[in-house]
Amino acid sequence: MAIAATISLPITSPTRRHVSLLRPSSSSSSNTQCILAIPQHTLKYPNSRIVASSSSMSIDAPVKTSTVSFLDRKESGFLHFAKYHGLGNDFVLIDNRDSSVPKISSEKAVQLCDRNFGVGADGVIFVLPGINGTDYTMRIFNSDGSEPEMCGNGVRCFAKFVSQLENLHGRHSFTVHTGAGLIVPEIVEDGNVRVDMGEPILKSSDVPTTLPANKDGAVVKAELDVDGVTWNVTCVSMGNPHCITFSNKESQNLIVDELKLAEIGPKFENHKVFPARTNTEFVQVLSNSHLKMRVWERGAGATLACGTGACATVVAAVLEGRAGRNCTVDLPGGPLQIEWREEDNHIYMTGSADLVFYGSLPL
């Protein structure tokens, strides 16, 4: 896929450290765009350029007029997108409301996600028309081209993107059909996104895992041999499979920063007891309401955050008697607030989702 990309981004301090922008003169209009030409030898796609609007100075509050005009572009042969991140778990978002078929293939999504030769992302998310009475449908291709059922950080980014597409303001919510079922995100007053993630799935065959159930049909603190080390694991599905561990035979309380995640993560992901592979969360208990987690995501590897993983982690902590039902979960990219309500058995996730930049490239 030959790519000539145009990227429009809010100017932030990190951006200024990496790129030097041509600044408009004092007599120029405040809407003048700054263009930076990238040396051709640094890019696989030599026609790439970055365009930054001098009037967009904040990722948290992009200028409305620029946002709407960019996302409304309809040039044929071009793919317009926005890049968002949820605690560093980053995604390319594509407005696909005019068709139930994704605008790009999973193979092209892999190229788009490449951090050296593409835009760079953990996945590509499509906003499609709703089905079964929902407002929208969400589909996602991982950076390896696989398609997960759902993504917790991704659905928060999805919600913020839809809000911009529809020019919504204030507190509002909508229904989203996903491979994991119905999801209901809500934009709250502080700009964060609160998501009703539904009920956790605990039945071992539905996670799925072939580990034998040992507690009311669920796998809780079961022993699993991974590369000669016996780990204690609890298996939970949030519509996608998760294996959560707080300890192994060598350490009853993990110190997650000491783990060699790139070595151990793939061995969990591809273990024979997980027929659909698995996401894996390594968790350190800081208090009854405070957990620290590192994640190895199925199809994406080590990421800075995983929303469904944080939800599954709190469920596992409750089942193992390690924490309460309302916890702050610290991830490498930042914190999520997770509540597993006893009244309705639903899990509620609250966290941020932020715009990084807008871009376009030829199809």
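Residues numbered from 1 in each chain as written. Predicted model: local features only at pLDDT ≥ 70, side-chain atom pairs only at ≥ 80, totals over all residues. Heavy atoms only, no water.

Visitor: Explanation requested: the overall build of the protein in the structure shown.
Guide: The number of helices and strands found in the protein is six helices and 21 strands. Of all 363 residues assigned to the protein, the portion counted as buried reaches 52%. Contacts in the protein between residues far apart in sequence, at least 24 positions, make up 61% of those at least 6 positions apart. For the protein, the accessible surface area stands at approximately 15600 Å², while carbon and sulfur atoms represent 49% of it. (Helix = DSSP H or I, 4+ residues; strand = E, 2+ residues; numbered from the N terminus. Buried < 20%, exposed > 50% of the residue type's maximum accessible area, 1.4 Å probe, protein only. Contact = heavy atoms within 4.5 Å. Areas by Shrake-Rupley, 256 points an atom, 1.4 Å probe, with all protein chains shown as cover.)

Visitor: What am I meant to see in the packing of aromatic side chains here?
Guide: Remark: the centre distance and the inter-plane angle together describe each pair of aromatic rings, the angle taken between the planes. The final tally for this structure, using the stated rule, is eight aromatic pairs. A ring pair is formed by phenylalanine 126 and phenylalanine 141, whose centres lie 5.3 Å apart and whose planes are at 75°; its orientation type is edge-to-face. Within this pair, whereas phenylalanine 126 is found in strand β6 (residues 123-129), its partner phenylalanine 141 is found in strand β7 (residues 136-142), the two being separated by 15 residues in sequence. Since its relative accessible area comes to 0%, phenylalanine 126 is described here as buried. Ring centres 5.3 Å apart and planes at 80° place the aromatic pair tryptophan 231 and phenylalanine 268 in the edge-to-face group. Here tryptophan 231, found in strand β13 (residues 229-237), pairs with phenylalanine 268, found in helix α5 (residues 261-269); they are 37 residues apart in sequence, far enough to count as distant. Exposure class is identical for tryptophan 231 and phenylalanine 268. Each is buried. Above the plane of the ring of tyrosine 348 lies arginine 341, whose end atom (NZ or CZ) is 4.3 Å from the centre. (Phe/Tyr/Trp six-rings, centres within 6.5 Å; stacked < 30°, edge-to-face > 60°. Lys NZ or Arg CZ within 6 Å of the ring centre and 35° of its normal.)

Visitor: How should the confidence of the model for the protein be read in this particular structure?
Guide: Interpreting fine coordinate detail is not advised for predicted regions of low pLDDT. When pLDDT is averaged along the protein, the result is 84; 80% of the residues meet or exceed 70. The low-confidence segment residues 10-68 (pLDDT under 50) makes 88 contacts with residues lying over four places distant or belonging to another chain. (pLDDT = per-residue confidence, 0-100.)

Visitor: Hey, could you run me through the pairing of strand β5 (residues 89-95) in this one?
Guide: Taken across its seven residues, β5 has seven buried, putting it largely inside the fold. Across the two faces of β5 the burial is the same, with Asn89, Phe91, Leu93 and Asp95 and Asp90, Val92 and Ile94 all buried. Taken together, the six bridges between strand β4 (residues 78-86) and β5 define a ladder with antiparallel strand orientation. Looking at the pairing, lysine 83 lines up with valine 92 of β5. With antiparallel pairing between neighbouring strands as the criterion, β4 and β5 make up a hairpin whose turn holds two residues, including leucine 87 at a positive phi of roughly 60°. Handedness of the crossover joining β5 and β6 through helix α3 (residues 106-113): right-handed. (Pairing = 2+ DSSP bridges. Right-handed = clockwise from strand over helix to strand, strands pointing away.)

Visitor: Explanation requested: the pairing of strand β12 (residues 222-226) in the structure shown.
Guide: A regular strand places its side chains on the two faces of the sheet in alternate fashion. The two faces of β12 differ: Ala222, Leu224 and Val226 on one face are buried, but Glu223 and Asp225 on the other face are not. Sheet topology places β12 next to β13; five bridges connect them, and they run antiparallel. Within the sheet, the bridge partner assigned to leucine 224 lies in β13 and is tryptophan 231. From the end of β12 to the start of β13, which pair antiparallel, there are two residues, and aspartate 227 there has a positive phi angle of about 55°.

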